[in-house]
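Chains, contacts and geometry: an overview
If you want the building blocks of each chain, they are given just below.
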Amino acid sequence: MNRRIKTIRTIGLIGVIFLLSFFGLNYYENFNNSSDLNKFLEDASSVSLVHSEASKEFEKVLNFNEINRDEFENILSALVKDAQETFNLVQNIGGEFVSAEKELLNIATSSWLKGLETFQISIITLIDNPDSLKIEEALAQSIIDLSIGDKAYEEFVQKISQRSREDNLFLPVFYPVKYTGLEGSAFNFADLIVKKARDSAEGLFLRRDVAITGVQFSPSPIAVTEDNFRVFLKEPIGIQVVIANEGNVEEFDVILLVLVTDEFGDSVFEKRAKISSIGAFQSKSYFTDTIELEPGILYEWFIKIEEIDNEEELDDNLLTISGFIPPEE
């Protein structure tokens, strides 16, 4: 009898342990799933915010008459960069969480990225080479990809909202995203963009030009002769060179050469400097070290900016100035 009671108790204990293990495992799995879901929703909201802002910026790119080349390229590059980052985020979003909603978000971000990359390459090719062939086809494909992204995101929001109602989930904000607002043919839209770009893109054509726009001696000359020679007092002399970017894209690593020679052809000062960057339509100054000049000797300052690739105007890259200190009595 006692043995039977012991057996019953042992079986009961095993049953209790089994039930506790079962419910514990279910709780652990539900907790992990809930944690992954919450992380997914949080990251998905961040993705939607990035693309909501990006789609508004994309509208600016299409206003060819109201944007310059530098802004145009910067906005497109930033859009592609953000699209790449959100695509990478979605690849690992929510840990092991798998759902139809996640797959829709993946389709949206991958389509947006592909569409923006194709648009960037195609539109810049069109602007710099107006006679390019088959640009309409590439632009149409970019519009199709962007539209697929818009549609997939719209379905994502609908599905996650329905799931929220069914499972009583708290949702973060999912922002509206609309890159194209396309209702008709992507090819008709592409034709319209091409015509608009060709008609309005004069300010967007790539123009590269750096120039020396000013030179200031320090201290300033006390006079200028009829032969345009500067006359200095006997003290150390330096110069400030003003370099302007008169093109419509930012220039990097602009090389400035400054050479000072005397009337005998001997070099008394030589400097090669690099300006790391100059924004479109902006200027930067470079200050040389001071040098000692001998009275009664004519000196020449040879100032030059090295030619950049595809530069349109070279006459303003070079400047020479002569000057002297009057001979001592």
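One can find the structure itself at the top, above this paragraph.
Quick summary incoming for the structure in this document.

What counts as what
Sequence order as written defines the numbering, with residues in each chain counted from 1. Per-residue local features are limited, in this predicted model, to residues with pLDDT of at least 70; the limit for side-chain atom pairs, both in listing and counting, is 80 or more; totals at the level of whole chains, interfaces and linings are taken over all residues. Side-chain measures here rest on the full set of heavy atoms in the structure, leaving out hydrogens and waters. In this description, strands pair whenever DSSP reports at least two bridges between them. A run of H or I in DSSP becomes a helix once it reaches four residues, and a run of E becomes a strand once it reaches two; helices and strands are each numbered from the N terminus. Orientation is described by lines fitted to C-alpha atoms, with helices fitted over the stretch in contact, and by angles between N-to-C directions that extend from 0 to 180 degrees. We call two directions roughly parallel when the angle between them is under 35 degrees, roughly antiparallel when it is over 145, roughly perpendicular when it lies between 65 and 115, and oblique otherwise. Helix crossings get a hand from a simple test, with the near helix turned counterclockwise from the far one by less than a right angle marking a left-handed crossing and a clockwise turn marking a right-handed one. All residues other than Ala, Val, Leu, Ile, Met, Phe, Trp, Tyr, Cys, Pro, Asp, Glu, Lys and Arg, Gly among them, are scored as polar; the first ten of these are nonpolar and the last four charged.

**As for the sheet that holds strand 6 (residues 267–278)**
The mixed open sheet is built from 6 strands, whose spatial order is 2-3-9-8-5-6. Looking at the sheet topology across the chains shown, the edges are occupied by strand 2 (223–224) and strand 6. With 2 bridges joining them, strand 3 (residues 230–231) and strand 9 (residues 318–324) adopt parallel strand pairing. Opposite V231, over in strand 9, you have F324 as the bridge partner.

**Brief notes about the environment of P219**
Considering the arrangement of structural elements, one finds P219 in the loop between strand 1 (210–218) and strand 2. Along the sequence, P219 and I239 sit 20 residues apart, while their C-alpha atoms lie 8.4 Å from each other.

**A closer look at the packing of helix 3 (residues 100–128) against helix 4 (residues 135–167)**
Orientation of helix 3 relative to helix 4, taken along the N-to-C sense of each, is 160°, at an axis distance of 7 Å. Classified by the angle their axes make, helix 3 and helix 4 are roughly antiparallel. You can see that helix 3 and helix 4 cross each other, and the crossing is left-handed. Split into classes, the residues belonging to the contact of helix 3 with helix 4 amount to 19 nonpolar, 7 polar and 7 charged.

**So, unusual backbone geometry**
The linkage connecting S218 with the following residue, P219, adopts the cis geometry, with an omega of 0°. At N228, a position not held by glycine, the phi torsion is positive, near 65°. Residue placement: N228 occurs in the loop between strand 2 and strand 3. For F281, which is not a glycine, the phi torsion comes out positive at approximately 60°. When you line up the elements, F281 lands in the loop between strand 6 and strand 7 (283–287).

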